[in-house]
Amino acid sequence: MPGPLDGVRVLEFTEIIAGPFSGMLLSDMGADVIKVEPPWGEPWRFAQPFMPNESKTFMGLNRGKKSLTLDLTKEEARDIVYKMIPDMDVVIVNSRPDVPYNLGIDFEKLSAINPRLIYCENTAFGRQGPHSSRPGYDIIAQAMTGLMAAEDKIANGVPQQVQSSPLADFSTGITMAWSVCAALYSRERTGKGQKIETTLLGTALALQTMRFMQVEVVDKERTSEFLESLALLREAGTPYEGIQEHYLDTYDPGRRRLGNAYYRTYQTKDGVIAIGCLSDPLRKRMVDLLGLEDIRFQPDYDMYSEETRQFNLRLVAKVEELFLRRSVTEWLELLDAAGVPAGPVRYVEELLDDEQVTSNGLVVELEHSLAGTVTMVGPILKMSETPLRAQSASPALGESTIDILHGLGYDDDDLSKLREKGIIR
């Protein structure tokens, strides 16, 4: 029996987790998914490989696909893509906003070939705002959205990534697949394709929707006081554990992975920073910036040797000491200039008025029938032809019962009887 997306053709330009996961979900629903990779393969093939070009990390995210190798920096490869586009229903891309344009696979170019095309583009932080051009991985999205701080996983005095799964990445993959399905349905009614924009930023905030929400009658004064005290603690150079203790005392009393040198958090002079280097070119940029040497770049490197284990311990200690010498701002300037993915560790409460969040339309204010004004994470994706909108705050218990039952033909006497029997309230 064919799946719900039988006959739908998907062209996927994705790497690592979020985009590949979305393509796999679409494949599971019956879509014909063609994954475009560079001739040398996408990076996730080489994360702990057990045989050449194959790893569990890659296999676990790319089930049900066909692999097409193309070097999209070459004109001939782009010509192949352009020949495929008229027969495609969906294109999936996850990258920095400038990459599709540089490779000639942007929405404007492809939709001009096929106006019915559904084009889903995922970025780390959205197309607008001061961080729009930054590269981003799950650990950085967790750091910059408050998700890391909310989990209160501390090692060596600084917060750590939520280790069970890369939550921002996987959640974004689900969001991408969900939005594609919605856009396909819309196209059936209108005949029009459209562009979809998703972000790690939006989904990481959505995972914290209860923590992000501020009910004015409860949270306004407390959050204001916390942000004032947070600024003072950081100015005084308070270590992260001290700040976190104050945070938990304020918001969650009673609740309390060390990564390698390249994918973890570091205490700086005035705060904590997250680093996300998932490939050797990025790792090399980092050690070059820090003026350090790493034996992983030597020809006889053995990642499983005792020598390597001991070296890595010493390397981490050296990097920790170096990061303590500068502020978060100073490090971000240096890391950005070197092309090393990084971001500050923040609390989700700091993001209510954050320019990156608000400029991408991720905050909404709604009126609750009982609680008054509530601020929360808004729709986490954009659709050019069928825009999303937060319709209302959550309903009070039974708030719509009367209207719904009246619509079904129940009169007031019927409602009274139902209420007396405890059937409605």
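Residues numbered from 1 in each chain as written. Predicted model: local features only at pLDDT ≥ 70, side-chain atom pairs only at ≥ 80, totals over all residues. Heavy atoms only, no water.

Participant: Quick question: what am I supposed to make of the confidence of the model for the protein chain here?
Facilitator: Do not read the fine detail of predicted coordinates wherever pLDDT is low. Residues with a pLDDT of 70 or more make up 95% of the protein chain, whose mean pLDDT is 91. For residues 254-259, every residue scores under 50 in pLDDT, and the model assigns this stretch 19 contacts once sequence neighbours within four places are set aside. (pLDDT = per-residue confidence, 0-100. Contact = heavy atoms within 4.5 Å.)

Participant: I'm lost on the pairing of strand 7 (residues 118-123) in this one. Help?
Facilitator: Sheet faces and side chains relate simply in a regular strand, where the side chains alternate between the two faces. Where burial is concerned, most of strand 7 is hidden: six out of the six residues are buried. Burial along strand 7 is two-sided: Ile 118, Cys 120 and Asn 122 and Tyr 119, Glu 121 and Thr 123, pointing in opposite directions, are all buried. Sheet topology note: the strand 7/strand 10 (residues 194-199) ladder contains six bridges and is parallel. Paired with Asn 122 across the strands is Thr 198, a residue of strand 10. (Buried < 20%, exposed > 50% of the residue type's maximum accessible area, 1.4 Å probe, protein only. Helix = DSSP H or I, 4+ residues; strand = E, 2+ residues; numbered from the N terminus. Pairing = 2+ DSSP bridges.)

Participant: It is not clear to me how the packing of aromatic side chains should be interpreted in this structure. Could you clarify?
Facilitator: What characterises a pair of aromatic rings is the spacing of the ring centres plus the angle enclosed by the ring planes. On inspection of all chains with the given rule, the structure shows nine aromatic pairs. Pairing Tyr 247 with Tyr 251 gives two aromatic rings, centres 5.3 Å apart and planes at 45°, and the pair type is tilted. Taken together, the positions of Tyr 247 and Tyr 251, both in helix 12 (residues 240-251) and four residues apart, correspond to about one turn of that helix. Judged by its relative accessible area of 1%, Tyr 247 is buried. When the centroid spacing of 4.2 Å and the interplanar angle of 35° are considered together, the rings of Tyr 247 and Tyr 347 count as tilted. Classification of Tyr 347 by relative accessible area gives buried; the value is 2%. In this structure an aromatic cluster arises from ring pairing among Phe 226, Tyr 247, Tyr 251 and Tyr 347. One cation-aromatic arrangement involves Lys 109 over Tyr 82; the distance from NZ or CZ to the ring centre is 5.1 Å. (Phe/Tyr/Trp six-rings, centres within 6.5 Å; stacked < 30°, edge-to-face > 60°. Lys NZ or Arg CZ within 6 Å of the ring centre and 35° of its normal.)

Participant: In this structure, what is going on with the side chain of Asn 114? I would like to understand it.
Facilitator: Looking at the secondary structure, you find Asn 114 in the loop between helix 5 (107-113) and strand 7. Using a relative accessible area of 7% as the deciding quantity, one classes Asn 114 as buried. For Asn 114, the side chain forms a polar contact with the main-chain oxygen of Met 88, separated by 2.9 Å. Apart from residues lying up to four places away in sequence, Asn 114 is in contact with Ile 85, Pro 86 and Met 88. (Polar contact = N/O pair within 3.5 Å; in protein donor to acceptor, adjacent residues only side chain to side chain.)

Participant: Would you take a moment to explain the sheet that holds strand 6 (residues 90-94) for this structure?
Facilitator: Whenever strands of a sheet pair, they do so through backbone hydrogen bonds, lying parallel or antiparallel. Strand order in the open sheet formed by seven strands is 5-2-1-6-7-10-17, and the pairing between neighbours is mixed. Each of the sheet's edge strands pairs with one partner strand only, and the pair in question is strand 5 (65-69) and strand 17 (381-383). Neighbour to neighbour, the strand axes of the sheet diverge by 20° on average, direction disregarded. Docked against the sheet, helix 8 (residues 167-190) engages strand 6, strand 7, strand 10 and strand 17, running at close to 165° with respect to strand 10. (Axes fitted to C-alpha atoms, helices over the stretch in contact; angles between N-to-C directions.)

Participant: What am I meant to see in the packing of helix 13 (residues 280-290) against helix 15 (residues 328-338) here?
Facilitator: Angle between the axes and distance between the axes: these two values describe a pair of packed helices. The N-to-C vectors of helix 13 and helix 15 enclose an angle of 130°; their axes lie 10 Å apart at closest approach. Taken together, the axes of helix 13 and helix 15 are oblique relative to one another. In terms of crossing hand, the pair formed by helix 13 and helix 15 is right-handed. In contact with Arg 285, Leu 289 and Leu 290 of helix 13, helix 15 contributes Trp 331, Leu 334, Leu 335 and Ala 338. Across the contact of helix 13 with helix 15, the residue classes break down as six nonpolar, no polar and one charged. (Parallel < 35°, antiparallel > 145°, perpendicular 65-115°, else oblique. Left-handed = near helix turned anticlockwise from the far one by under 90°. Nonpolar A, V, L, I, M, F, W, Y, C, P; charged D, E, K, R; others polar.)

Participant: I tried to follow the pattern of salt bridges on my own but got confused; where do I start?
Facilitator: Close approach of charged atoms lets side chains of opposite charge pair. Under the definition given, this model contains 25 salt bridges. Across the salt bridge formed by Lys 74 and Asp 71, the nearest N and O atoms sit 2.8 Å from each other. Classification of Lys 74 by relative accessible area gives partly exposed; the value is 43%. The shortest N-O distance in the salt bridge between Lys 220 and Glu 216 comes to 3.7 Å. Within this pair, Lys 220 and its partner Glu 216 are both found in helix 11 (residues 216-235), separated by four residues, close to a single helical turn. (Salt bridge = Lys/Arg side-chain N within 4 Å of Asp/Glu carboxyl O.)

Participant: I would appreciate a short explanation of unusual backbone geometry in the present structure.
Facilitator: In this structure, Ile 16 is a non-glycine residue whose phi angle is positive, near 65°. The topology assignment puts Ile 16 in the loop between strand 1 (9-13) and helix 1 (18-28). Here Gln 48, not a glycine, exhibits a phi torsion of approximately 55°, which is positive. Relative to the elements of secondary structure, Gln 48 occurs in the loop between strand 2 (32-37) and strand 3 (49-51).

Participant: Quick question: what am I supposed to make of helix 14 (residues 306-323) here?
Facilitator: Since the α-helix turns once every 3.6 residues, residues separated by three or four places project in the same direction. Along its 18 residues, helix 14 runs 26 Å from first to last C-alpha, staying within 8% of the 26 Å computed at 1.5 Å per residue. Considered for burial, the residues of helix 14 that qualify are Thr 308, Phe 311, Leu 315, Val 316, Val 319, Leu 322 and Phe 323. Considered in projection along helix 14, the buried side chains sweep an arc of 145° and stay on one side of the axis. Tucked into the core, helix 14 has its buried residues touching strand 12 (263-267), strand 13 (272-276), helix 13 and helix 15. (Expected span 1.5 Å × (residues − 1). Arc of directions from axis to C-beta.)

Participant: Explain the environment of Trp 331 to me, please; I cannot follow it from the model alone.
Facilitator: With respect to the helices, strands and loops of the structure, Trp 331 is situated in helix 15. Its relative accessible area of 4% is what places Trp 331 among the buried residues. When the C-alpha atoms of Trp 331 and Pro 344 are compared, they prove to be 9.7 Å apart, with 13 residues separating the residues in sequence.

Participant: I keep staring at the environment of Thr 265 and nothing clicks. Help me out?
Facilitator: Structurally, the position occupied by Thr 265 is in strand 12. Taking the C-alpha atoms as reference points, Thr 265 and Gly 276, separated by 11 residues in sequence, lie 8.8 Å from one another.

Participant: Hey, could you run me through a nonpolar patch on the surface in this one?
Facilitator: Residues Phe 50, Met 51 and Met 59 make up a contiguous nonpolar surface patch of roughly 320 Å² in combined accessible area. What makes Met 51 partly exposed here is its relative accessible area of 46%. (Patch = residues over 30% accessible without salt bridge, like charges linked within 9 Å, V, L, I, M, F, W, Y side chains within 5 Å. Areas by Shrake-Rupley, 256 points an atom, 1.4 Å probe, with all protein chains shown as cover.)

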